[in-house]
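Here are the chains, one letter per residue:
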Amino acid sequence: MIILDSGRVIDPANRIDGTRTVLIDGDHIREVREQPATPAEKLVHHVIDCRGRWVLPGLVDLHVHLREPGEEGKETIATGARAAVAGGVTTVVAMPNTKPVCDSAAVARFVAARGREAGFARVIPAGAITRGSLGEQLADMAELKEAGCACVTDDGRPVMSAGVMRRALEYARDLDLPVMVHAEDLTLSAGGAMNEGPVATRLGLSGVPAAAEVAMVQRDLLLAETVGSRLHVAHVSAKGSVRAIREAKARGVRVTAEAAPHHFTLTDDAVAGVLPTSAAGQPAGEPYDTHAKMSPPLRAESDRQAIIAGLSDGTIEAIATDHAPHGALDKQVEFVHAPNGVIGLETSLALTLALVRAGELPLGRAVERLTVGPARCFDLPYGTLAAGAPADVVVVDAEKEWKVDPQRFYSRSRNSPFSGWTLRGKAVRTFVAGKLVHEEGK
Amino acid sequence: MGFEMALDFPRHLLELEALTRPQIEGLLSLAARFKRERARARAGEAQTDRRSLLRGRNVITLFFETSTRTRSSFEVAAKALGADVLTFQKDASSVAKGESLEDTVRNLDAIGADALVVRHPAAGAPRLVARAVRASVINAGDGAHEHPTQGLLDALSLRERWGTLEGKTVAIVGDIAHSRVARSNIHCLRKLGAHVRVGGPSTLIPSGIEELGCTVARSLRAALTGADAVMALRIQNERIADARLPGARDYARTWGLNARTLEMLPKEALVLHPGPVNRGVEMSSDVLDSPRSLVMDQVDSGVAVRMAVLALCLRAEVPA
C-alpha cells in the first residue's frame, strides 16, 4: 500500500479540505482518514510524508490535442500524456482532429491503446460529430462510444449547418453522449486573426468578433434545449457566452462548459505584447507574438472577468487547457499565417492557483474545476478520492516557485505564451491508478 | 542638426506609433532641407550633391506586394544619397508556400544589405524581419498596420503649408479599416499636435479606432465641417466583394469628395490623397487637380522624407 501521510487533502467531490492521510491500495483509493500513518504502517507500507503538501485528486483535462496519429512531430500520445502527469493531470480527453480524424472505432481504439502503452495519464478519445469533421454526415457515434469515446466533437471547427447539428444532437441523445461544440460562426470570424477591438485595430489585424462565438453558443443552446440533449461548450472565451450558458442552465438546459487558463489569464493585449495588470511582474511578450494566437482568440478584460465569474458560480464546470502543440517553425511566421493554439498541460495547475492567490477564485472551487467538475461533464469516474475510486492522485507543492522554461517541458512542443513567467505551485508526485508516474526532479 | 540627432533616431523604422515628437520633427526638418535642395536643383539653381552620404551602402527594397510609387520613391531617395539599390519583388503567396520570410531576409542580409525596405501584406511582418537581420529595416507598408513614410510625407507637406500642425484638424475619409496610411497618419498627426477625425461608412470604420486618439465622424459633413485638411483614401474593389460596400457609385454619393461636397469644407482647407486615386469615386478630377490639392506635392515630399529616413536609420553624417 502507498500511504500519503498527513497532507492537506482538498477533495471537493467529497467536501474535504483538511489534513488527511490517503491510503492507496493497488489501483484504487482504500480510504481517506484523519489519523496519520501509524509507526506500524511505516514499517510495512510505502509511506510518503505529505506534511506541507497538498493532496488532490488527479486533474482531469477535457480538451487536449495530442496530434497522433498524423502530426507526431508536434506531439505524440506518449509525450502529451507524459506532459500531462508532469502538470498533475491524470486524465486527458484527446481531441479527434488528428490525421485521420477520429471518426471511426479504429482510430479511437488506436488512441486509447497508445495511451495505455504510454502508461502516463489516462487517454480517453473524443470522437468526431461528423465524418471527417466536415460538418456534413454524422460519424458512427454508437461505434465511437463503444470504442471508449467520452464525447463527440468536431473541435477546431464548428458544425456550421444548424440542420446537421440538430440531427447530431438527437442522435447523440439516444446514446447519452455529450456533444462538445467549438462555437464559431465562420461567416463572422472569416479572415480574423485575433479578437476584434481596439488592439486589433491598432495592430492592423482583422478581428474575430465575440459575436462569432456567442451566436453559435446561442444556436446550439437552443437546439440542445429543443432536443433535450447534452451540450458541452468548449473553450468559452466571451462574456456573452457565459451569460447565455448561465441563463440556459437556469432554464434547465443540459449544458456544461469549460474555460482555458490562457483565456482567464491573458487578454488580447498580449498580441501587442502587453499583459493585464493581474499579471504584473511577468515578462511581457513582443507585439505580434504568435504565441498569443489561438481560436477562440484572447478577448478583452471584461471577458476575462466574466469567465472567472463563470468558474466561480458554476456556470463553467471545467478548466481545460485546449493544449495545442505546434512546432517552433510553424509559429515563427507572420501573425496572420501562424496556426492557432498554445500548449497548456504543464502550466494549468499553477495558472489556476494564481487566480486563487489573486483572490479571484476560492481554492475549493478552483480544485473542483480541475477535478470533479470536468469529470462529471462526461460521467468519468475520476477526479475524486472516494473510497474505491481509481487512485489518480497528485501531490502538490503549492508554494514552489518555478520559472516556465518551455525547453524543459515534457511536451514535444514549446508554444507556450507563459514562457519566462514565474509561477507558484507544482505537481511533485503524480499517481495514476496507484502507480507513481511523475516525480518532480526525478 | 545632423549627427547628434541621428543618434537619437531608431535603427529600424517599423511604426510611427513608437516615435517621439522630437524624433518626428527632427526627421521632418532634415526632409524639408532635402526637399528644398531638390527644388533648387530642379530650378537649375545650386546643386547639392548628397551622394556621399550613403556611398557604398546597400539598400534592398523587398516588396511582397506590387507597388510602383513607393518602391520607385525609395529607390530614387536611396540613389540620391549615393547608395547602391537592389530590388526584389516577390509574390507573398508563393513565399508563403515555400521559403519562410525569415529565411528570405536572412539571405538578403548575408548578401550585405545595410537597409531592407520591406512591404508586406501581413501586419507586423517588418518586425519579424527586424528580429532576423542585422540590417536596418524600414517598413514600407505592412498590411493594415502602418505605412510610416506615408504618414511622414503627409506631415511634411502639411507642415510646409501651415508652418505647424499644432491645433489643426485633419479629416481622414474612406476605408479606415484596411488602411495603414490612416493608422500612420493618426499617430503622426496627433504627435505633432493636430486633431484627427476619421470618417467613412461604418463597415469601414474598425472597432475601437477612437482609442488611437481620433474621433469618428458619422457623415461626410461631420468630417469636413471646420477641418483644415481632408485626406481621402483609396476605395478598393475587394470591399464590394466582401460586402462592406454596395458599390463605387453609392460610396461616391455619400463619401466622395467633389465640387458639391467640398462646399462643406472651409475655403482655405487642403485636400490630400496617398494615391493612386480612383477618379470619380473617392475624389473627383476637379478636386484632385484643384489648387487646394496637395497630391503632387505629397509625391515630392515622399522622396525627401525617404532620403531623411535612410540617412537617419543608416546613421549618415549630414553636414550642416
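Residues numbered from 1 in each chain as written. Chains lettered and ligands numbered in written order. Predicted model: local features only at pLDDT ≥ 70, side-chain atom pairs only at ≥ 80, totals over all residues.

### As for the overall build of chain B
And step 1. Looking only at helices and strands, one finds 13 helices and 9 strands in chain B.
And step 2. Taking 2.2 N^0.38 as the reference for a compact globule, 320 residues should give roughly 20 Å; the C-alpha atoms of chain B span a radius of gyration of 19 Å, in line with that estimate.
And step 3. Along the first, second and third principal axes, the C-alpha atoms of chain B reach 50 × 50 × 35 Å.
And step 4. Of the contacts formed within chain B by residues at least 6 apart in sequence, a portion of 75% connects residues at least 24 apart. (Helix = DSSP H or I, 4+ residues; strand = E, 2+ residues; numbered from the N terminus. Rg over C-alpha atoms; globule rule 2.2 N^0.38 Å. Contact = placed C-beta atoms within 7 Å.)

### Here we look at the domain arrangement of chain B
Residue and element names in this part refer to chain B.
And step 1. For chain B, the domain assignment lists domain 1 (3-146 + 300-313) and domain 2 (148-298).
And step 2. Once you take the C-alpha centre of each, domain 1 and domain 2 turn out to be 25 Å apart.
And step 3. Listed per partner, the contact involves 26 residues of domain 1 and 24 residues of domain 2.
And step 4. Residue assignment for the side of domain 1 that touches domain 2 shows that the elements contributing at least two residues are helix H2 (21-42), strand S4 (136-142) and helix H13 (295-313).
And step 5. A per-element tally of the side of domain 1 that touches domain 2 places H13 first, with 7 residues. (Domains from an automatic or database assignment.)

### Observations concerning the interface of chain B and chain A
By a widely used convention, the size of an interface equals the accessible area lost when the partners come together.
And step 1. Counting from both sides, the interface comprises 22 residues of chain B and, opposite them, 17 residues of chain A.
And step 2. Of all elements in the fold, only helix H5 (101-111), helix H6 (125-132) and helix H8 (180-191) of chain B reach the threshold of two or more residues within the side of chain B that touches chain A.

### Details of the sheet that holds strand S9 (residues 270-272) of chain B
Residue and element names in this part refer to chain B.
And step 1. Strand order across the open sheet formed by 5 strands is S7-S6-S5-S8-S9, with parallel pairing between neighbours. Lying at the two open borders of the sheet, with one neighbouring strand each, are strand S7 (215-217) and S9. Going from strand to strand, the sheet's axes swing by 25° on average, the running direction of each strand aside.
And step 2. Along the sheet face, H8 touches strand S5 (169-173), strand S6 (195-199) and strand S8 (229-232) and points at about 160° away from the line of S6. (Pairing = 2+ DSSP bridges. Axes fitted to C-alpha atoms, helices over the stretch in contact; angles between N-to-C directions.)

### A few points about the packing of H2(B) against helix H7 (residues 148-162) of chain B
Residues and elements named next belong to chain B.
And step 1. Relative orientation of the contacting elements H2 and H7 amounts to 70°, with a least axis distance of 10 Å. When the axis of H2 is compared with that of H7, the two are roughly perpendicular. Contacts between H2 and H7 involve Leu-27, Leu-28, Ala-31 and Ala-32 on the former and, on the latter, Leu-152, Ala-155, Leu-156, Arg-159 and Glu-160.
And step 2. A class-by-class count of the residues in the contact of H2 with H7 yields 7 nonpolar, no polar and 2 charged. (Parallel < 35°, antiparallel > 145°, perpendicular 65-115°, else oblique. Nonpolar A, V, L, I, M, F, W, Y, C, P; charged D, E, K, R; others polar.)

### So, the sheet that holds strand S2 (residues 84-89) of chain B
All names here are of chain B.
And step 1. Strand order across the open sheet formed by 4 strands is S2-S1-S3-S4, with parallel pairing between neighbours. The strands lining the two open edges of the sheet, one partner per strand, are S2 and S4. Direction aside, neighbouring strands of the sheet carry axes that sit 15° apart on average.
And step 2. The pairing of strand S1 (residues 58-63) with S2 spans 6 bridges and is classified as parallel. Each bridged residue has a counterpart across the sheet, and for Thr-61 the counterpart in S2 is Thr-87.
And step 3. The strands that H13 touches are S1, strand S3 (115-120) and S4; relative to S4, the one it contacts most, it runs at about 150°.

### Observations regarding helix H11 (residues 301-313) of chain A
All names here are of chain A.
And step 1. Under the 1.5 Å per step criterion, the end-to-end length of H11 is 18 Å for 13 residues, consistent within 8% with the ideal 18 Å.
And step 2. The complete set of buried residues in H11 reads Asp-303, Arg-304, Ala-306, Ile-307, Ile-308, Gly-310 and Leu-311.
And step 3. Packing partners of the buried residues in H11 comprise helix H8 (210-227), helix H9 (239-251), strand S14 (255-259), helix H10 (261-265), helix H13 (348-357) and helix H14 (363-370).
And step 4. Taken from the residues just after H11, Gly-314 is the one with a positive phi, measuring 90°. (Expected span 1.5 Å × (residues − 1). Buried ≥ 20, exposed ≤ 12 C-beta atoms within 10 Å, placed from the backbone.)

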